[in-house]
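Overview (structure and organization)
What follows is the residue order along each chain.
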Amino acid sequence: MSQPLDLTVSQSRARAFWLVAISYAVIILTAPIALGAVVYRSLEPLLGAGPAVVVAAMLAVVSFAVVPGLLSLPHQRWIVPGRMPTNVGIRAYFHRRLYGLCWTSLYYNQPVYWVVLSLPWLKLAVFRLFGYRGAARFTVYPDTWIRDLPLLRIGEGAYLSNKATIGTNMILQSRQIVVDEVEVGAGATVGHLACLAPGARCEAESEVGVATLVGLRVRIGSGARVGARCLVDHGARVGEKANVESGGYIGCVAMVGPGGLVPAMSVIRSRARVGD
């Protein structure tokens with residue numbers, strides 16, 4: 001749930017942001033290369049050039065993930081639900097931006113991120129370093145958008161498809177952002193190109209179909225299925241084992257009862273209740 005935040009703007013904090021951000025960028029880009037060079041020079045006389053290059057390269061790749069993770073640590077306590085202007089003079093947003101800088105330096109470094117996701121032990125270690133506290137075994141891809149790892153609640157065996165958006169934050173026209181937890185329960189599936197908004201909750205064994213949009217604070221019950229290209233609008237509820245067929249629209253704060261069926265291309269108006 002959202003919580004009150006201190007929205008006081010500090011001009012000195014805003015000026016400090018750019019100094020810190022540039023320093024972080026320099027450290028993230030240069031520290032792994034420097035470490036690789038030091039390791040190579042140390043090992044080359046002992047192992048020869050070939051093995052030394054391999055070991056140095058492996059450590060450099062891991063460092064491109066570990067260094068930003070370490071830098072993110074002091075900012076993780078500010079990755080909390082709430083609503084705030086996008087002004088780095090505000091304490092919470094100042095820390096969000098720096099945490100985001102650290103995370104995206106890994107996320108957009110696709111070869112390194114691919115290596116991280118390919119090795120389960122490394123994936124868990126790096127995600128934990130960035131503040132993730134959910135289940136260890138779940139599927140995610142390099143092009144699945146995730147950002148605020150302390151706000152992700154992912155269950156065992158969940159599947160987050162390619163190009164899905166697990167949206168813990170959402171920008172508004174007012175240039176404020178809404179931030180909230182997103183839950184994907186054990187064994188749940190989020191399909192290709194699907195989008196979950198802040199506060200969305202997909203319970204165990206539920207399914208969100210291809211290119212389906214799930215709004216703010218939506219709850220999809222355990223075992224429920226929402227088909228392809230649906231829109232489940234803000235605050236709606238889809239009950240346990242309910243079935244929303246392809247192309248359906250569930251209006252704001254509407255409710256589909258447990259076991260209910262919404263036929264393909266149907267429209268459920270805002271605040272309506274069906275399938276009770």
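Use the structure listed above.
Owing to the predicted nature of the structure, the values given are computational and were not obtained by experimental measurement. (Residues numbered from 1 in each chain as written. Predicted model: local features only at pLDDT ≥ 70, side-chain atom pairs only at ≥ 80, totals over all residues. Heavy atoms only, no water.)

This paragraph deals with the environment of R237. One can find R237 in strand β16 (residues 237–238). R237 gets classed as partly exposed once you look at its relative accessible area, which sits at 35%. Aside from chain neighbours lying at most four places away, what touches R237 is R217, V218, R219, A254, M255 and V256. (Helix = DSSP H or I, 4+ residues; strand = E, 2+ residues; numbered from the N terminus. Buried < 20%, exposed > 50% of the residue type's maximum accessible area, 1.4 Å probe, protein only. Contact = heavy atoms within 4.5 Å.)

What the seven strands build is an open sheet, ordered β2-β7-β10-β13-β16-β19-β22; its pairing is parallel. The outermost strands of the open sheet, each flanked by one partner alone, are β2 (152–154) and β22 (273–274). Of the pairings in the sheet, the one linking strand β7 (residues 182–184) to strand β10 (residues 201–202) comprises two bridges and is parallel in character. Across the sheet, E183 pairs through a bridge with R201, a residue of β10. (Pairing = 2+ DSSP bridges.)

Moving on to the packing of helix α3 (residues 91–107) against helix α4 (residues 110–118). Remark: α3 packs on α4, axes separated minimally by 6 Å, with the N-to-C direction vectors making an angle of 85°. With respect to their mutual orientation, α3 and α4 come out roughly perpendicular. Contacts between α3 and α4 involve W103, L106 and Y107 from the former and Q110, V112, Y113 and V116 from the latter. (Axes fitted to C-alpha atoms, helices over the stretch in contact; angles between N-to-C directions. Parallel < 35°, antiparallel > 145°, perpendicular 65-115°, else oblique.)

This brings us to a nonpolar patch on the surface. Nonpolar side chains collect at one region of the surface, where W18, I22 and V26 lie side by side and expose about 330 Å² of accessible area between them. For I22, the position within the fold is in helix α1 (residues 11–47). (Patch = residues over 30% accessible without salt bridge, like charges linked within 9 Å, V, L, I, M, F, W, Y side chains within 5 Å. Areas by Shrake-Rupley, 256 points an atom, 1.4 Å probe, with all protein chains shown as cover. Salt bridge = Lys/Arg side-chain N within 4 Å of Asp/Glu carboxyl O.)

Moving on, we get to the sheet that holds strand β4 (residues 165–166). Here six strands make up an open sheet; going across it, the order is β4-β9-β12-β15-β18-β21 and the pairing parallel. Strands with a single pairing partner mark the edges of an open sheet, and in this sheet they are β4 and β21 (267–268). Pairing analysis gives two bridges linking strand β18 (residues 249–250) to β21, with the strands arranged parallel. In the sheet register, I250 faces β21, and the bridge partner there is I268.

With respect to the helices, strands and loops of the structure, G48 is situated in the loop between α1 and α2 (49–72). Overall, G48 belongs to the partly exposed group, its relative accessible area being 23%. As for G48 and R225, which are separated by 177 residues in sequence, their C-alpha atoms are 57 Å apart.

Its 24 residues place the ends of α2 34 Å apart at the C-alpha level, agreeing with the 34 Å of an ideal helix rising 1.5 Å per residue. At S63, α2 shows its largest kink, close to 35°. Along α2, the residues classified as buried are A52, A56, A60, S63, F64, A65, V67, P68, G69, L71 and S72. (Expected span 1.5 Å × (residues − 1). Bend = angle between axes of the 7 residues up to and from the residue.)

Another point: the pairing of strand β1 (residues 82–85). For a regular strand, the rule is simple: side chains alternate between the two faces of the sheet. Here β1 shows a buried face lined by G82 and M84 and an unburied face lined by R83 and P85. Note: β1 against strand β6 (residues 176–179), four bridges, orientation antiparallel. From the neighbouring strand, P85 faces β6, where its bridge partner is Q176.

All right, on to the packing of aromatic side chains then. Following the criterion strictly, the structure yields 15 aromatic pairs and no others. With centroids separated by 6.0 Å and ring planes inclined at 85°, the aromatic side chains of W103 and F127 adopt a geometry described as edge-to-face. Placement of the pair is W103 in helix α3 and F127 in helix α5 (residues 120–129), with a sequence separation of 24 residues. The class of F127 is buried, set by a relative accessible area of 1%. Note that K123 overlies the ring of F138, its terminal NZ or CZ placed 4.0 Å from the centroid. (Phe/Tyr/Trp six-rings, centres within 6.5 Å; stacked < 30°, edge-to-face > 60°. Lys NZ or Arg CZ within 6 Å of the ring centre and 35° of its normal.)

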